[in-house]
Amino acid sequence: MAPRIHRLGLPLLTASVLALATACGGGGDGTAAESSAKPGEKIKLTVDLFGDFGFQPLYEEYKKTHPNIEIVENVTQFNDHHSNLVKRLATNAGAGDVAAVEVGYISTFTAQPGKFVDLKQYGLDKRQPEYLGWKWQQGLSKDGSQVLGLGTDVGGLAMCYRKDLFKKAGLPDDREKVSALWPTWEEYIATGKKFAAANVAGAKFVDSPGEIFRAMVNQAPVGLYDDQDTIIVESNPDVKKAWDLSNQITQEGLTAKLAAFSPPWNTGFAKGSFATIICPAWMTGFIQEQAKDSAGKWDIAAVPGGSGNSGGSHLMVPKQSKHPKEAAELIDFLTSKENQAKVFKEEGTFPSIPSLYDDPSIQTFTKPFFGDAPPSARSTPTPPRRSSRSTSARRRPTCAPPSATGSAASSRASRRRTRRGRRCSRTSRRSNELPSSRGHAEA
């Protein structure tokens, strides 16, 4: 099963799409109608996604107990998916029965509660105790009165690394010893300088400084915006530190200068072009897809700087749906505790239900591809920081690139390269730009 590429750098919506989002506002067409289907009548539910979420086996399982339900999954590229949803909400036509929304865009849509079904009317508010508090909050309307989406996953940060390249550089390759090399980002850079000094043929220490910048901003208490949604890039010392350290990585010659999700970056996994990469939970599936012959060479260590989160999605029901009740029931099924555990084991996407973190079936689950690294190898997902506001309200500040790599590649991955794939074109559009970390919604 191909991974869905998630979301390292959230692209900007075009001005026209932003205008449509503003035009949508919070209005709607009234309360969604109950399903008009008669008992046993055939119903077709359309699920709009932006990559392979690993839902196909779950659909088949669901249809065993709901034989009258036909499920059609539509997958489009990350940018197009969210832009199309904005447009379809504005025109009140064309949206699916279920729509996935990535965390970087969630505030765009929760600001329009009139355009979505309140899942509370179908009893899904009962799910609140199961979720991480901040993950649940992301799916609520701005006033907190409506449940507009249920979370699928979160992206606890880690650092994936090539054991064989570390050995060639004379560095330890055991994950605990590697984690001990870099409790801070400064020590991560110091380790990179040791790697560079070893002159490992064909390999740099890290793929791109941009993703390091985003990870550091994600870890900061406050990112690009303050609590009043004011841009504070120039005055925030944590952003300046992230910027300076990212530039240092380039100046020290530690980066392979590969645009994330571009074809050269994809092939870089198989070629061993870099020794480390920022690795949210969903990234493991993508590495396996791109580096099929590298099983056992990769491992997972702790991320420098402490814990952090990058990524995550919600499922929502546009009010256009002709079958909101059945759509809500399907969302309840797809996001259940049991099924989040199944998707984790297949796709590597980290559950947003914390009781699973201590579940023996999760704790003992390992991936041979990554040297049987356990889930505990990555950080516990933390509440997203105010890295950037939703792009629906304002464009993010544009920053100059930390590396002189020329124009950014604009590759977009196909569905089979997407889950998380949740998310192939995210950084490819502005690969070497250091603008925001992914636009996290408020916790």
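Scroll up to find the structure this text is about.
Residues numbered from 1 in each chain as written. Predicted model: local features only at pLDDT ≥ 70, side-chain atom pairs only at ≥ 80, totals over all residues. Heavy atoms only, no water.

Before going further, it helps to spend a moment on the overall build of the protein chain. The helix and strand inventory of the protein chain stands at 15 helices and 11 strands. Put simply, the protein chain has 443 residues, and 60% of those count as buried. (Helix = DSSP H or I, 4+ residues; strand = E, 2+ residues; numbered from the N terminus. Buried < 20%, exposed > 50% of the residue type's maximum accessible area, 1.4 Å probe, protein only.)

On inspection of all chains with the given rule, the structure shows 14 salt bridges. We note a salt bridge from Asp 299 to Arg 175, for which the minimum N-O separation is 2.9 Å. Taken together, the residues span a long stretch of sequence, with Asp 299 in strand β9 (residues 298-301) and Arg 175 in helix α7 (residues 175-181) at a distance of 124 residues. Taking the shortest distance from any N to any O, the salt bridge between Glu 329 and Lys 325 comes out at 2.6 Å. Remark: Lys 325 and Glu 329 occur in helix α13 (residues 324-334); sequence separation between them is four residues, near one turn of the helix. Take Glu 329: its relative accessible area is 33%, and that puts it in the partly exposed class. On the accessibility criterion, Lys 325 (33% relative accessible area) is partly exposed. Shared partners join several salt bridges into a network, and the residues in it are Glu 61, Glu 338 and Lys 342. (Salt bridge = Lys/Arg side-chain N within 4 Å of Asp/Glu carboxyl O.)

Under the definition given, this model contains one disulfide. Between Cys 160 and Cys 279 runs a disulfide, and the two sulfur atoms are separated by 2.1 Å. What sets the handedness of the Cys 160 and Cys 279 disulfide is the S-S torsion sign, and at about -60 degrees it is left-handed. Taken together, the positions of Cys 160 in strand β6 (residues 159-162) and Cys 279 in the loop between β8 (274-278) and α12 (283-290) put the pair 119 residues apart, joining distant regions of the chain. The exposure class assigned to Cys 279 is buried, which follows from its relative accessible area of 0%. (Disulfide = S-S within 2.5 Å.)

What follows is about the sheet that holds β6. Reading across from one edge, β7-β8-β6-β9 is the order of the four strands in this open sheet, with mixed pairing throughout. Two strands bound the open sheet, and with one partner strand each, they are β7 (204-206) and β9. Strand-to-strand, the axes of this sheet are offset by a mean angle of 20 degrees, without reference to chain direction. The pairing of β6 with β8 spans three bridges and is classified as antiparallel. What sits directly across from Met 159, in β8, is Ile 278. Sheet contacts for helix α8 (residues 185-197): β6, β7 and β8; angle to β7, the most-contacted strand, approximately 165 degrees. Contacting β6, β8 and β9, helix α11 (residues 263-271) crosses the sheet at an angle of about 120 degrees to β8. (Pairing = 2+ DSSP bridges. Axes fitted to C-alpha atoms, helices over the stretch in contact; angles between N-to-C directions. Contact = heavy atoms within 4.5 Å.)

So, on to the sheet that holds strand β2 (residues 69-75). The strand order β2-β1-β3-β10-β4 describes an open sheet built from five strands, whose pairing is mixed. Edge strands, defined here as strands with exactly one partner in the open sheet, are β2 and β4 (149-151). With strand direction ignored, the average angle separating the axes of adjacent strands in the sheet is 25 degrees. Where helix α2 (residues 56-65) meets the sheet, it contacts β1 (43-49) and β2, and its direction lies at approximately 165 degrees from that of β2. Relative to β1, α13 is tilted by about 55 degrees, and along the sheet it contacts β1, β2, β3 (98-102), β4 and β10 (313-316).

Let us look at the environment of Val 98. As for its placement among the helices and strands, Val 98 is situated in strand β3. Take Val 98: its relative accessible area is 0%, and that puts it in the buried class. Taking C-alpha positions, Val 98 is 7.6 Å from Leu 45, a pair spaced 53 residues apart along the chain.

This part takes up the environment of Asn 84. Among the secondary structure elements, Asn 84 is positioned in helix α3 (residues 78-91). Between the C-alpha atom of Asn 84 and that of Ala 95, which follows or precedes it by 11 residues, the distance is 8.3 Å.

A complete count under the given rule lists 29 aromatic pairs for this structure. The interplanar angle of 75 degrees and the centroid separation of 5.5 Å between the aromatic rings of Phe 261 and Phe 286 together place this pair among those described as edge-to-face. Of this pair, Phe 261 sits in the loop between α10 (237-251) and α11 while Phe 286 sits in helix α12, and the two are 25 residues apart along the sequence. Summarising the burial analysis for this pair, Phe 261 and Phe 286 share the class buried. Through a chain of ring-to-ring contacts, the aromatic side chains of Tyr 161, Phe 166, Trp 182, Trp 185, Tyr 188, Phe 195 and Phe 205 assemble into a single cluster. (Phe/Tyr/Trp six-rings, centres within 6.5 Å; stacked < 30°, edge-to-face > 60°.)

Two quantities define a packed helix pair, namely the angle between the helix axes and the distance between the axes. Where α8 contacts α10, the axes come no closer than 11 Å and their chain directions differ by 5 degrees. Relative to α10, the element α8 is oriented roughly parallel. Contacts between α8 and α10 involve Trp 185, Glu 186, Tyr 188 and Ile 189 from the former and Lys 241, Leu 245, Gln 248 and Ile 249 from the latter. Of the residues contributing to the contact of α8 with α10, the split by class is five nonpolar, one polar and two charged. (Parallel < 35°, antiparallel > 145°, perpendicular 65-115°, else oblique. Nonpolar A, V, L, I, M, F, W, Y, C, P; charged D, E, K, R; others polar.)

Of all five residues that make up β8, five are buried, and the element is covered over most of its length. The pairing of β7 with β8 spans two bridges and is classified as parallel. When the bridges of β8 are listed, Val 206 appears paired with Thr 276.

With that settled, consider the side chain of Asp 207. Positionally, Asp 207 belongs in the loop between β7 and α9 (209-219). Look at Asp 207: it is buried, it has no salt bridge, and the nearest opposite charge is Arg 214 at 8.5 Å. In contact with Asp 207, not counting residues within four places along its chain, are Thr 255, Ala 256, Lys 257, Leu 258, Trp 265, Phe 274, Thr 276 and Ile 277. (Lys, Arg positive; Asp, Glu negative; His and termini not counted.)

Another point: the environment of Pro 67. Inspection of the secondary structure puts Pro 67 in the loop between α2 and β2. For Pro 67 and Lys 42, which are 25 residues apart along the polypeptide, the C-alpha to C-alpha distance reads 8.3 Å.

That is the geometry; function is a separate question.
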